[in-house]
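# Structural overview
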Amino acid sequence: MTDYSKTNQINKRLNLSPISHPLSISWHNIRVQSRLSTSTAMDTIFCRKNSGQQTVDIIKNVSGDVKSGQLLAIMGASGAGKTTLLNVLTARHLSKLLVDGEVKLNGQPVDSNTMSSVSAYVQQMDLFVPVLTVREHLIFHSLLRMDTRLTANERTERVNQLMIDFSLNKCSDSRIGSNTTFKGISGGEAKRLSFASEIMTNPSIMFCDEPTSGLDSFMAENIVQVMKQMASNGRTVICTIHQPSSQVFKLFEQLLLIADGRVAFMGKIDDAYNFFSTIGYTCPTNFNPCDYYIEQLAVIPGKEIECKNKIDEICNKFTEYSSGTDLKPSIANNSFQSLLTKKSFPDILTDAPKYRSNCLRQFRAVMWRSALVVLREPMITQIRIVQTMIVSLILGVVYFNQKLDQKGVMNINGALFLLLTNMTFQNAMAVVNTFCAEQPVFFRDHHNGMYRVDVYFVSKTIAEIPVFILIPTIFVSIYYYMVGFNPRFDHFIIMIIIGNLSTQCAVSFGYLMSCMTSTATMALSMGPPILIPVILFGGFLLNNA
């Protein structure tokens, strides 16, 4: 995309160039199965025995290797096991799977921390904080992922050069946006930004999960050119890709075809044509080769048995093919899960800490990002303030100017109850989506060793405290004197303090619901049933005496 000579000079000055340890990755006898199903809630309630479910093979004894400086494309029909194999190589999202086999770097077994330290993973979905600009996103990553000994000027220089390398200069000050919030940068720019974020630390291995999904043919070719350039610089690049165009397909050097969890072919792109022709499946002239290969390896609905027999035939022929026999590993099956705890790789790198920055640096960076999110979403804050003013005025009119008689005391008791109820429900429901919305970004950043869980939680909480101090203060200021509570100023201040404390308790409860659930819908469904008993036994509606 651009001349990389200046980039290499900057990387050398920042101890980032060239790839200090070229790494080859190999995987041997990888087998992945789905776990046994667990008992359902209805089984537990009615004391029924769960008959269980047989395990399903997702990956079946797959082996292969990629040398440093090569670009490998993993292709196959939907459900063939492409993403699962990529997750095994990166040791991600394996909690619900049974995994056997061995993964090695330069012939040595590695643990998950080591793999995370030497590799980068570009996910299929572009995960960003929408209100940040492209430059701010890269600065945030530079603060938490680059060497702590680098100065601010050196980090800025690296960020600027990355924007030049990935053609992001024109949108450097544009907000990223998303499909669910507002329109920001284009899909191609977002994908290049994902690559720029991951390549910032100069990893030796790049994993990419369908990087061209949702892009037109020109942008897809542009992205593959980026990956090919990274491979030419000495990196090992592995990506899954779904039916690329013929122009994009020709850019790849190595090809791995997976069908029904087995290896149907692995080798050079040109050798694939020869292999399929040898076994009687010759690609027609002027036909996209990858479309033809996937068509032969797909399971067509209604023809499952016929298609699976053909897939088994092709995979068996490949094991007999000359390039296929070279891939047969000479190792015994070992549990991949046990390998994740081994201490290995001593002469390639030392044991790297899980987090690249200390707690103080993490807090400053995450607090800066959280504050930007709050400041750049003024509409949400304005809506909350307007809602608070309208509700307080309506309730103030209903309970206007109460007298200290028998009837007035009962009304004042109800006014106090409604004040606390409004502060509870309004503010608890306002934050239930806080962590649900940012969960994917948090999991990605946390797995990359960018910041701790407690740092993220405290930063988000502190950044939103000013809003949740302002809201109860406005409500009490309008509501207090309209109802006719004690006019003394010190009592008014006490009421504001009580309102703020109640709001913070409600916000904490909303955070709890947000952390306990994965979606905002579930959090909103769980919140009221838990809050209602608390309100019922709060002393306003039911007396103990």
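This text follows the structure it describes.
Presented here is a report on the structure given in the accompanying data block. In this text the structure is predicted, and so the values were computed from the model without any measurement.

## What to know about the packing of aromatic side chains
One pass over the full model with this rule turns up 21 aromatic pairs. Of the aromatic side chains, those joined through ring pairs into one cluster are Phe249, Phe265, Phe275, Phe276, Phe287, Tyr292, Tyr293 and Phe318.

## Here's the deal with the pairing of strand 9 (residues 254-259)
The buried count for strand 9 comes to 6 of 6 residues, which makes it a mostly enclosed element. Covered by surrounding structure in strand 9 are Gln254, Leu256 and Ile258 together with Leu255, Leu257 and Ala259, the residues of both alternating faces. Pairing analysis gives 4 bridges linking strand 3 (residues 71-75) to strand 9, with the strands arranged parallel. Paired with Ala73 across the two strands is Leu255, which belongs to strand 9. Here 6 bridges tie strand 9 to strand 10 (residues 262-268), and the two strands are oriented antiparallel to one another. Residue pairing across strands places Ala259 opposite Arg262, the latter belonging to strand 10. What sits between the antiparallel neighbours strand 9 and strand 10 is a turn of 2 residues, in which Asp260 has the positive phi angle 55 degrees.

## Some words on the state of the cysteines
A full pass over the atoms with the stated rule returns 0 disulfides. The thiol sulfur of Cys239 is not disulfide-bonded, and the nearest other cysteine sulfur, from Cys208, lies at 6.0 Å. Residue Cys239 is classed as buried on the basis of its relative accessible area, which comes to 0%.

## A few points about the sheet that holds strand 6 (residues 119-122)
The strand order across the open sheet built from 6 strands is 6-7-8-3-9-10, with neighbouring strands paired in mixed fashion. Looking at the sheet topology across the chains shown, the edges are occupied by strand 6 and strand 10. Strand-to-strand twist of the sheet, defined as the mean angle between neighbouring strand axes without regard to direction, takes the value 15 degrees. Along the sheet face, helix 7 (residues 187-199) touches strand 6 and strand 7 (205-209) and points at about 165 degrees away from the line of strand 6. The strands touched by helix 12 (residues 304-320) within the sheet are strand 9 and strand 10, with strand 10 carrying the most contacts at an inclination of about 45 degrees.

## Section: helix 18 (residues 434-447)
Helical periodicity: at 3.6 residues per turn, an α-helix aligns residues three or four positions apart in one direction. Spanning 14 residues, helix 18 covers 20 Å between terminal C-alpha atoms, matching the ideal 20 Å at 1.5 Å per step. At Pro440, helix 18 shows its maximal kink, close to 50 degrees. Across the 14 residues that make up helix 18, a large majority, 10, are buried. Those residues of helix 18 that sit buried are Thr434, Phe435, Cys436, Glu438, Gln439, Val441, Phe442, Arg444, Asp445 and His446. Where helix 18 ends, the next residue or the one after it, Gly449, has phi of about 75 degrees, a positive value.

## A few points about the side chain of Arg145
Position of Arg145 relative to the elements: it lies in helix 5 (residues 134-145). Taking the relative accessible area as the measure of exposure, Arg145 reaches 4% and is therefore buried. Those residues in contact with Arg145 that lie beyond four places of it in its chain are Ser197, Glu198, Thr201, Arg356, Asn448 and Met450.

## Focus on the nonpolar core
Ranked by size, the top nonpolar core spans 96 residues in total, and within it Ile25, Trp27, Met227, Ile238, Phe252 and Leu255 carry the most contacts. Of the residues forming this core, the biggest block, 8 residues, is contributed by helix 8 (residues 217-232). Counting residues in hydrophobic clusters, the runner-up holds 18 residues, among them Leu144, Ala365, Val366 and Met450.

## Thoughts on the sheet that holds strand 4 (residues 97-105)
Overall, antiparallel pairing links the 4 strands, which are arranged 2-1-4-5 in an open sheet. Both outer strands of the open sheet, strand 2 (57-66) and strand 5 (108-109), are each paired with one neighbouring strand and no more. In terms of strand pairing, strand 4 meets strand 5 through 2 bridges, oriented antiparallel. Within the sheet, the bridge partner assigned to Leu105 lies in strand 5 and is Gln108. Where helix 3 (residues 82-90) meets the sheet, it contacts strand 1 (25-34), strand 2 and strand 4, and its direction lies at approximately 120 degrees from that of strand 1.

## Re unusual backbone geometry
Positive phi, normally seen in glycine, also occurs at Asn106, with a value near 50 degrees. Along the chain, the position of Asn106 falls in the loop between strand 4 and strand 5. Here Asp260, not a glycine, exhibits a phi torsion of approximately 55 degrees, which is positive. Look at Asp260 and you get partly exposed, because its relative accessible area is 25%.

## Remarks on helix 3
Counting buried positions along helix 3 gives 8 out of 9 residues, so the element sits mostly inside the fold. For helix 3, every residue scored as buried is listed here: Lys82, Thr84, Leu85, Leu86, Asn87, Val88, Leu89 and Thr90. Positioned one or two residues after helix 3, Ala91 has a phi angle of 55 degrees, which is positive.

## Concerning the pattern of salt bridges
One pass over the structure, following the stated rule, counts 13 salt bridges. Arg452 is the partner of Asp454 in a salt bridge, and the nearest nitrogen-oxygen pair spans 2.9 Å. On the basis of relative accessible area, Asp454 is assigned to the partly exposed category, the value being 38%. Linked by salt bridges that have partners in common, Arg369, Arg444 and Asp445 make up one network.

What counts as what
- Residues numbered from 1 in each chain as written.
- Predicted model: local features only at pLDDT ≥ 70, side-chain atom pairs only at ≥ 80, totals over all residues.
- Heavy atoms only, no water.
- Phe/Tyr/Trp six-rings, centres within 6.5 Å; stacked < 30°, edge-to-face > 60°.
- Buried < 20%, exposed > 50% of the residue type's maximum accessible area, 1.4 Å probe, protein only.
- Helix = DSSP H or I, 4+ residues; strand = E, 2+ residues; numbered from the N terminus.
- Pairing = 2+ DSSP bridges.
- Disulfide = S-S within 2.5 Å.
- Axes fitted to C-alpha atoms, helices over the stretch in contact; angles between N-to-C directions.
- Contact = heavy atoms within 4.5 Å.
- Expected span 1.5 Å × (residues − 1).
- Bend = angle between axes of the 7 residues up to and from the residue.
- Core = buried A, V, L, I, M, F, W, Y, C linked by side-chain atoms within 4.5 Å.
- Salt bridge = Lys/Arg side-chain N within 4 Å of Asp/Glu carboxyl O.

Function cannot be read off these values alone, since they describe shape.
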